[in-house]
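# Breakdown of the fold
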Amino acid sequence: MINNKSFIRYTWFIFAMVLLVILAGGVVRMTQSGMGCPDWPKCFGRWIPPTNASQLPPDFEKYLKQQDIDHSFNVYHTWIEYINRLLGALLGVFIFIHFIRSVKKFRRINSTIVWISFFMLLAVAFQGWLGKKVVDDNLAVVKVTIHMLVALLIAALPVLIISKLKNEKTETSGLLKNVTMLAMVVLLIQIILGTQVREQIDEISKSLNYSQRELWIERLDNIFLLHRSFSWIVALVCFIVVWKSRAYSQLKKHSTIIASLVIISVCTGLIMYFLNIPAIAQPLHLLMACLLILSLFSFRLQIK
């Protein structure tokens, strides 16, 4: 019997890296650093970004004039965006190593693992290209949403690989399977709605020069009301999953994680609503939503 522990540990590392990149992306949005590097793949025409305005190229305005941002250099925004890109590039390298390892280890005994790893490599390459398009189009709304969904897809693939290698299944009712799928669908809709709210927040905060946070929420339109109301539907369906899984001891740990993530997600949402969207709550809310849908996906893979 082949020992897969080392490969599984590395796959968990890939999963953690994807979450780190998602979190870094949330920090970029939180700090309004999305156009900190106005060109791609370089930053102000350099592979290593400038640390002060004196290091900008003589023609640096050409990088800014086509973007709808302040024509000034902000080292804080530049390096936040650059670190986000660097983490994304490192993730691509680590996933390429994962693919090579999968070929060496599983090409003759489990080609499915190889194909999933290859698809993960293609997805991260597409994500890099999409990142360039987001910069080129000055953070276009639809592309930002797709960027988020592709990140979730990349994060789901290591979970799928680990599930297939561990092959731990629990016989359950058809109702639990269906409710789990429903929970994943409504949560995915909620995440998409959240990205739309985030886009509106970006526009409103910019119009107010990133101040007067107490006005941001009241200027949102009905998409925010839909997002807020839909959160209770998500919570209800998730808790039905937890309730229906209580009869299966093998699922207790997993269902506890799901319940905890629902509670934390709701709490971070309430914090943003009642405390005028504190910056730190935004990436945490995003991360919790991502962890929740990935936990539901892992839960669904475990039941049969």
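This section reports on the structure supplied with the text. Nothing here was measured: the structure is a model prediction, and the numbers come from that model. (Residues numbered from 1 in each chain as written. Predicted model: local features only at pLDDT ≥ 70, side-chain atom pairs only at ≥ 80, totals over all residues. Heavy atoms only, no water.)

## Concerning the pattern of salt bridges
- The tally for this structure, following the rule as stated, stands at 1 salt bridge.
- In this structure, the salt-bridge partner of arginine 85 is glutamate 81, at a minimum N-O distance of 3.0 Å. Placement of both arginine 85 and glutamate 81 in helix α3 (residues 75-106) is noted, with a separation of 4 residues, approximately one turn of the helix. Like glutamate 81, arginine 85 is buried. (Salt bridge = Lys/Arg side-chain N within 4 Å of Asp/Glu carboxyl O. Helix = DSSP H or I, 4+ residues; strand = E, 2+ residues; numbered from the N terminus. Buried < 20%, exposed > 50% of the residue type's maximum accessible area, 1.4 Å probe, protein only.)

## As for the state of the cysteines
- This model, assessed by the stated rule, comprises 1 disulfide.
- Put simply, cysteine 37 and cysteine 43 are joined by a disulfide, and their sulfur atoms are 2.1 Å apart. Torsion about the S-S bond of the cysteine 37 and cysteine 43 cystine: about -85°, corresponding to left-handed handedness. The same class applies to cysteine 37 as to cysteine 43, namely buried.
- Between cysteine 267, a free cysteine, and cysteine 238, which holds the nearest cysteine sulfur, the sulfur-to-sulfur gap is 14 Å.
- On the basis of relative accessible area, cysteine 267 is assigned to the partly exposed category, the value being 38%.
- Not part of a disulfide, cysteine 290 finds its nearest cysteine sulfur in cysteine 238, a span of 14 Å.
- Overall, cysteine 290 belongs to the buried group, its relative accessible area being 0%. (Disulfide = S-S within 2.5 Å.)

## Quick look at the environment of proline 58
- Looking at the secondary structure, you find proline 58 in the loop between α1 (5-30) and α2 (61-64).
- Owing to a relative accessible area of 88%, proline 58 belongs among the exposed residues under this scheme.
- Measuring from C-alpha to C-alpha, the distance between proline 58 and phenylalanine 119 comes to 42 Å, with 61 residues separating the pair along the chain.

## What to know about the packing of aromatic side chains
- Across all of its chains, the model carries 10 aromatic pairs by this definition.
- Ring geometry for tryptophan 115 and phenylalanine 118: centres 6.0 Å apart, planes at 80°, overall edge-to-face. Of the two residues, tryptophan 115 and phenylalanine 118 both sit in helix α4 (residues 111-136), 3 residues apart, roughly one turn of that helix.
- Of the residues examined, tryptophan 115 reaches a relative accessible area of 59% and is grouped as exposed. (Phe/Tyr/Trp six-rings, centres within 6.5 Å; stacked < 30°, edge-to-face > 60°.)

## A word on unusual backbone geometry
- Although it is not a glycine, glutamine 212 adopts a positive phi angle of roughly 50°.
- Inspection of the secondary structure puts glutamine 212 in the loop between α6 (174-207) and α7 (222-244).
- Under the relative-accessibility criterion, glutamine 212 is labelled partly exposed at 40%.
- Phi is positive for isoleucine 277, which is not a glycine, with a value near 55°.

## Points about the side chain of glutamate 81
- For glutamate 81, a relative accessible area of 6% gives the class buried.
- A polar side-chain atom of glutamate 81 sits 3.0 Å from a polar atom in the side chain of arginine 85. (Polar contact = N/O pair within 3.5 Å; in protein donor to acceptor, adjacent residues only side chain to side chain.)

## A closer look at the nonpolar core
- Residues Ile95, Ile154, Cys238, Ile258, Leu292 and Leu296 are the most contacted members of the largest nonpolar core, which totals 70 residues.
- Secondary-structure elements contributing two or more residues to this core are α1, α3, α4, α5 (141-166), α6, α7, α8 (252-274) and α9 (281-302).
- With 13 residues, α5 is the largest single contributor of residues to this core.
- With residues near it in sequence (within four places) discarded, leucine 296 still touches Thr180, Ala183, Met184, Leu187, Cys238 and Ile258.
- Val197, Leu208, Phe224 and Ala281 belong to the second-largest nonpolar core, a separate cluster that totals 12 residues. (Core = buried A, V, L, I, M, F, W, Y, C linked by side-chain atoms within 4.5 Å. Contact = heavy atoms within 4.5 Å.)

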